[in-house]
Amino acid sequence: MRKLTAVISILFAATLTSGFMLFEAFSTSDGPRQPVEFDHWQHVSKEEGPQLECSTCHQYASASPNATIPSVSTCMVCHESINADSPEVKKLAAFAEREAEPPWVRVYWSEPSANVFFNHKPHIRAEIDCVACHGQVSQARRVKREVNHSMGWCIDCHSRKNASIDCYACHR
Amino acid sequence: MMNETEKTQKPQWAMAIDLDRCTGCEACVVACRIENNIAVVGPEESARDRSMNWIRIERYMEGEFPDVRVRFRPVLCQHCQEAPCEPVCPVYATYHTEEGLNAQVYNRCVGTRYCANNCPYSVRFFNFFDPQWPAPLEKSLNPEVSIRTRGVMEKCTFCIQRIRKGEEKARDEDRAVRDGDVIPACVGSCPTKAMYFGNIADSNSEVARLARSNRAERLMEDLGTEPRVIYLRKRDQA
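Attention in this report is confined to the structure presented alongside it. The shown structure was predicted, so the numbers you read here are calculated from the model rather than taken from an experiment. (Residues numbered from 1 in each chain as written. Chains lettered and ligands numbered in written order. Predicted model: local features only at pLDDT ≥ 70, side-chain atom pairs only at ≥ 80, totals over all residues. Heavy atoms only, no water.)

Section: the overall build of chain A
Just so we agree on the cut-off: Secondary structure elements follow DSSP: runs of H or I of four or more residues count as helices, runs of E of two or more count as strands, with numbering from the N terminus. Burial here depends on accessible area, computed with a 1.4 Å probe over protein chains only, as a share of the maximum for the residue type. Under 20% is buried, over 50% is exposed, and the range in between is partly exposed. Only heavy atoms enter the contact rule, under which two residues are in contact if any of them lie within 4.5 Å.
The number of helices and strands found in chain A is nine helices and zero strands. Shown N-terminal to C-terminal, the secondary structure of chain A runs as helices and strands in the order α-α-α-α-α-α-α-α-α. Looking at chain A residue by residue over its 172 residues, the buried ones come to 23%. Across chain A, the fraction of contacts at a sequence separation of at least 24, relative to all contacts at a separation of at least 6, is 62%.

This is the structure we're talking about:
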C-alpha cells in the first residue's frame, strides 16, 4: 500500500511539473508575462470596449524618440471606477497606491551593441502605421515580438519610402 | 514654408575656428570627452600614445625665453572631402555621408588601423582596451552616443547626435537648418567663442562668411584633403 502511494505521488508530481513546464513554454511563445495582464485587444479592438487609439496611452510616440508606456495614474483615470473589482485592476490599483510603476517587461528593443538610436517621431510624421513595426498588437491579449527588426528589414522599408539609408541616420 | 529644393538639399556641415580667440583653455577637450563617452585609459597607456582625444589643443612655442609666445590650435577631425582615411578601409567602416561628414561605423570596423595610419592629422583613435571610466565618470555617460568596444576605431563625429537633433527641430518648424540649430559640444563650451559651426552650403551662414575671410586657411591644405574645418589665422600673421 505504501509503495502504491509513493508511486502515485511521484506520478502526480511528474504530471504537475511537466504540465507546468508545458504551460510555461506556451506562455513564453505568447510573449513575456507582464506584471499586470494588460490586454491590448480589450482596450483597442473589443466592440463594447473603449476602443482607444495607440496614441491615447503611448502619447509621446509622435513627439519623442520613445513611444512611452503610460504611468499607472493614467490607467487609474478610468479604472478608479471601471472594472475596479477585477483582480488585474486590483493589482494596478495597488501599484498606484504605492505610487510605484509596474515593472513592465519590454517586448521590442534593440541590443545596445547594435548601436541603433531609433526615434519614433519621424516615423509617425511619415505616417507609418504602428502595425508595420509592431504587428497586430490591437488583436493581442498578450503582446509578443511579431516583427523581427533586423537591419535588412529597416533598410528595405527606408529604400521603398525614399528615407535616408545613411548609416548615420540610425547609428552614431 | 521652405521650398522643395531647400528641403531635399542636405546641409553641408563645417566648422570655423578663430585662432585669435583661442586661449588654449581646453574646455572643448573636456566637453568633447563627456559628450561623446570617450573612454579613459590611464596615465601609463596614455604615455604609450593610446589615449583618445577627439579634439586636442596643439601648442606652438615661439621665441627664446623670456620672450616666449605660445600659439594654440585646436585640432579635431577635419572631415576632409577627399579623406585619406576612407579609401584604405577594407571593410567600408569609414565612409562619407551626404552631409559631408567623415563617418565611422563601429559595428563594421575590424580594427586594421589603416585609416589612422593614413590620416595626416592624427585624429583617429583606436580602442586598445575595453572602455573604462573611473568613478564617478561612468555616471556621466551620454545615452545618445554609442559605447565603443575594444578593437574599433573612433573619431570626431561633429557631434552627430546634436546634428540629428538640430535637423529634427528644423523639420518640425518646416524650415531649412540655420545657425544655432546645431552646436557641437566643443563649440558650445568655448568661453571665448572661438569656434563656429554651421551649414557651409548656405552662403549666409556664419561659417560660410568666415570661410570667405582673408584670414581663412585649412590645415595642411597642400595635401589636397579639402578639410571642412576652417582656421582663421591670427591677425599678426595675416
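Still to come is the rest of the account.
A few points about the packing of aromatic side chains
All names here are of chain B. Put simply, the rule reads: Only Phe, Tyr and Trp rings take part, Trp by its six-membered ring, and two of them pair if their centres are within 6.5 Å. Stacked means planes under 30 degrees apart, edge-to-face means over 60, and tilted covers everything else. Distance and angle both matter: a charge sits over a ring if NZ of Lys or CZ of Arg is within 6 Å of the ring centre and within 35 degrees of the ring normal.
In the structure shown here, the tally under the stated rule is five aromatic pairs over all chains. Their ring planes at 10 degrees and their centres at 5.4 Å tell us that Trp-13 and Phe-197 sit as a pair that is stacked. Separated by 184 residues along the polypeptide, Trp-13 in strand S1 (residues 13-18) and Phe-197 in strand S8 (residues 195-199) bring together distant segments of the chain. Residue Trp-13 is classed as buried on the basis of its relative accessible area of 2%. Put simply, the rings of Trp-13, Phe-158 and Phe-197 pair up and form one aromatic cluster. Positioned above the aromatic ring of Tyr-231, the side-chain terminus of Arg-73 is 4.7 Å from the ring centre.

Quick look at the environment of Arg-33 of chain B
Residues and elements named next belong to chain B. Where we set the bar: Counting of polar contacts relies on pairs of N or O atoms within 3.5 Å, with two restrictions inside protein: one atom must be capable of donating a hydrogen and the other of accepting it, and residues adjacent in sequence are counted only when both atoms are side-chain atoms.
If you trace the backbone, Arg-33 turns up in helix H2 (residues 27-35). Placed 22 residues apart in sequence, Arg-33 and Ile-55 show a C-alpha to C-alpha distance of 8.7 Å. If near-sequence neighbours (up to four positions away) are discounted, Arg-33 is found in contact with Ile-38, Ala-39, Val-40, Met-52 and Asn-53. Among the polar contacts listed, one links the side chain of Arg-33 to the backbone oxygen of Ala-39, at a separation of 2.8 Å.

Quick notes on the interface of chain A and chain B
Condition: Buried area: the sum, over both parts, of the accessible surface (1.4 Å probe) that disappears when the two are put together. Only one rule defines a salt bridge in this text: a Lys or Arg side-chain nitrogen within 4 Å of an Asp or Glu carboxyl oxygen.
Facing the 14 residues of chain A at the interface are 23 residues of chain B. Taken together, the two surfaces of chain A and chain B that pack against each other cover about 1600 Å², and 45% of this comes from carbon and sulfur. A per-residue breakdown of the area chain A buries against chain B is headed by Arg-125, Tyr-168 and Arg-172 of chain A, which together make up 50% of the total. The tally of links from chain A across to chain B stands at six salt bridges. Salt-bridge contacts for Asp-166 of chain A lead to Arg-164 of chain B; the nearest nitrogen and oxygen are separated by 4.0 Å. At the boundary of chain A with chain B, the tally comes to twelve residue pairs in polar contact (both at pLDDT 80 or more).

Digging into the nonpolar core
Stated precisely, the cut-off is as follows: In this description, a nonpolar core means a group of buried Ala, Val, Leu, Ile, Met, Phe, Trp, Tyr and Cys residues linked to one another through side-chain atoms lying within 4.5 Å.
Grouped together as the largest cluster of nonpolar side chains are 55 residues, with contacts concentrated most on Met-15, Phe-158 and Met-195 of chain B. Leave out the neighbours within four places in its chain, and Met-15 of chain B touches Leu-76, Phe-158, Pro-184, Cys-186, Val-187, Met-195, Tyr-196, Phe-197, Val-207, Arg-228, Val-229 and Ile-230 of chain B.

Focus on the side chain of Glu-217 of chain B
Residue and element names in this part refer to chain B. Here Glu-217 lies in strand S9 (residues 216-217). Overall, Glu-217 belongs to the buried group, its relative accessible area being 18%. Side chain to side chain, Glu-217 and Arg-73 meet in a polar contact 3.3 Å long. A polar contact of 3.3 Å, which involves the side chain of Glu-217, links it to the side chain of Arg-233. Contact partners of Glu-217, with chain neighbours within four places excluded, come to Leu-19, Arg-73, Val-229, Ile-230, Tyr-231 and Arg-233.

Observations regarding the sheet that holds S8 of chain B
All names here are of chain B. The line we're drawing: DSSP bridges decide pairing: two strands pair if at least two such bridges lie between them.
Sheet architecture is open: four strands sit in the order S8-S1-S10-S9, paired in mixed fashion. Looking along the sheet, the strands with just one partner apiece sit at the ends: S8 and S9. Sheet topology places S1 next to strand S10 (residues 229-232); four bridges connect them, and they run parallel. Among the inter-strand pairings, Asp-18 is bridged to a residue of S10, identified as Leu-232.

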